[in-house]
Amino acid sequence: MSQSSTLAARPGADERLTRESLVRRLLGRPELGALLGAVALFAFFSVVADAFLEAGSFSTVLYAASTYGIMAVGVSLLMIGGEFDLSAGVMVTSAALIAALTAYQFTLNVWAGVAISLVLTLALGMVNGLLYVRTKLPSFIITLATFFMLAGLNLGVTKALTGNVASDSVRDMDGFDSARLIFASDIDVPGNLRIKITVLWWLLFVAIATWILLRTRIGNWIFAVGGSAASARAVGVPVARVKIGLFMGVAFCAWFSGMHLVFAFATVQSGEGVGNEFLYIICAVIGGCLLTGGYGSAIGAAIGAFIFGMTNKGIVYAEWNPDWFRFFLGAMLLIATVVNLIVRRRVERSS
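Anyway, here's the lowdown on the structure attached to this text. Note on numbering: residues in each chain are counted from 1, in written sequence order. Local features are withheld for residues below a pLDDT of 70 in this predicted model, meaning they are given only at 70 or higher, and side-chain atom pairs are given and counted only at 80 or more; totals for whole chains, interfaces and linings count all residues. For side-chain calculations, the full set of non-hydrogen atoms in the structure is used, while hydrogens and water are omitted.

### Quick word on unusual backbone geometry
Of note in this structure, A266 is not a glycine but carries a positive phi near 70 degrees. Structurally, A266 can be placed in the loop between α12 (239-265) and α13 (276-286). Each residue's exposure class comes from its accessible area (1.4 Å probe, protein chains only) as a fraction of the maximum for that residue type: buried when under 20%, exposed when over 50%, partly exposed otherwise. For A266, a relative accessible area of 0% gives the class buried. Although it is not a glycine, E319 sits at a positive phi angle of roughly 60 degrees. Looking at the secondary structure, you find E319 in the loop between α14 (298-317) and α15 (325-350). Exposure remark for E319: the relative accessible area of 71% places this residue in the exposed category. Counting from the N terminus, the helices are DSSP H or I runs at least four residues long and the strands are E runs at least two residues long.

Written as structure tokens, this is what we have:
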């Protein structure tokens, strides 16, 4: 018998020296429920929709998942830290409009608009964080106010500058082709599959966020402030800086998503993005993030976004009425939340 097995069997042995089984570790993962749901949903649409497994169709599923998954990464980290950002949806549109309008109105290289957009969008995230830290108001209220202000600014400024509800096209401006290559190009991969570059960026963002959460001190701080800000502050965690940084993380993801919007379509509708903040939160919650904070993962949010992409496009490929989409999305949110709750309670009872 090995030493670890002996310690596990010996009454009174130090529990820190025992080795958890693989099954127990898997049950403790926040993304387990989402993974099971994704497998079941994939199998379901593979049966009911003949076109679902075709290369072109699956590429569309991945693209839909990536456009929401990039934002879900930042939103999931913020939720693990115990906060919400209801301005995330319109912030994507704001970032896109800043880049397009500044480049066009001042006849700049589009990369100048990209840089200006990055600075101003990060500033928006910092303002959200500072307002939360200074006022102690719930982040729900602060970002709801930001949501309305940004939605109004998006429409009002765009109409004032262009006389329309959309920005002018930047397709023929200097730097557009190189920026499109970075933010909105297509990539051929083995297996006769052509995917958007956003899919690769999405996977990279998930990998970076997972590394931060599981391998760095900042990740420990994020879980700590989400679990109990007062306790985290008592042991020296810089709670204010962590919270502000998380809001700026959401803003960075919004900037990146906005750049994809600009260079995929060359023009931006000022009314886009309203309501998308709830879809980002849904992806994170389906992936195992708790609304109370302190628990979740970026991988789970990515699986949640994949579930969203499969449902969004799978209903179309199955030739069902798309009006049912939101019903299925709500049902999956409820089922995933209940499964995650059951798994966590069983793990806690057995510990």
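### A closer look at the pattern of salt bridges
Whenever a carboxyl oxygen of Asp or Glu lies within 4 Å of a side-chain nitrogen of Lys or Arg, that contact is scored as a salt bridge. By the definition in use, this model includes 4 salt bridges. Ionic pairing is found between K243 and E83, a salt bridge with its closest N-O pair at 2.5 Å. Of this pair, K243 sits in helix α12 while E83 sits in the loop between α4 (55-80) and α5 (88-105); the two residues are 160 residues apart in sequence, bridging distant segments of the chain. Judged by relative accessible area, E83 falls into the buried class, the value being 6%. As a salt-bridge pair, D186 and K196 come within 3.2 Å of each other at their nearest N and O atoms. Taken as a pair, D186 in strand β1 (residues 186-189) and K196 in strand β2 (residues 193-196) lie far apart in primary sequence, 10 residues in all. Among the residues examined, D186 registers a relative accessible area of 35% and is labelled partly exposed.

### Details of the packing of aromatic side chains
We call Phe, Tyr and Trp rings a pair once their centres come within 6.5 Å, taking the six-membered ring for Trp, and we label the pair stacked below 30 degrees between planes, edge-to-face above 60, and tilted otherwise. For the structure on display, the rule yields 22 aromatic pairs. Considering the side-chain rings of W111 and F183, the 6.1 Å spacing of their centres and the 45 degrees angle between planes classify their relative orientation as tilted. With a gap of 72 residues between them, W111 in helix α6 (residues 110-135) and F183 in helix α8 (residues 176-183) connect regions that are remote in the sequence. Ring plane angle 45 degrees and centroid distance 6.3 Å describe the contact between Y132 and F247, whose orientation is recorded as tilted. Of this pair, Y132 sits in helix α6 while F247 sits in helix α12, and the two are 115 residues apart along the sequence.

### Topic: the side chain of S257
Within the secondary structure layout, S257 lies in helix α12. You can call S257 buried: its relative accessible area is 11%. Whether two residues are in contact is decided by their heavy atoms, any of which lying within 4.5 Å being enough. When neighbours within four sequence positions are excluded, S257 is seen to be in contact with T67, I70, M71 and V92.

### Let's talk about the packing of α5 against α13
Geometry of a packed helix pair, given as the angle between the helix axes and the separation of the axes. To get an axis, a line is fitted to the C-alpha atoms, and for a helix only the part in contact is used. The angle between two axes follows their N-to-C directions and goes from 0 to 180 degrees. Where α5 meets α13, the axes come as close as 6 Å, and the angle between the chain directions of the two elements is 120 degrees. Taken together, the axes of α5 and α13 lie oblique to each other. From α5, A88, G89, V90 and V92 reach across to α13, where they touch N276, E277 and Y280. When residue character is reported, Ala, Val, Leu, Ile, Met, Phe, Trp, Tyr, Cys and Pro are called nonpolar, Asp, Glu, Lys and Arg charged, and the others, Gly included, polar. Looking at side-chain class alone, the contact of α5 with α13 contains 4 nonpolar, 2 polar and 1 charged residues. Orientation is classified from the angle alone, with under 35 degrees giving roughly parallel, over 145 giving roughly antiparallel, 65 to 115 giving roughly perpendicular, and any other angle giving oblique.

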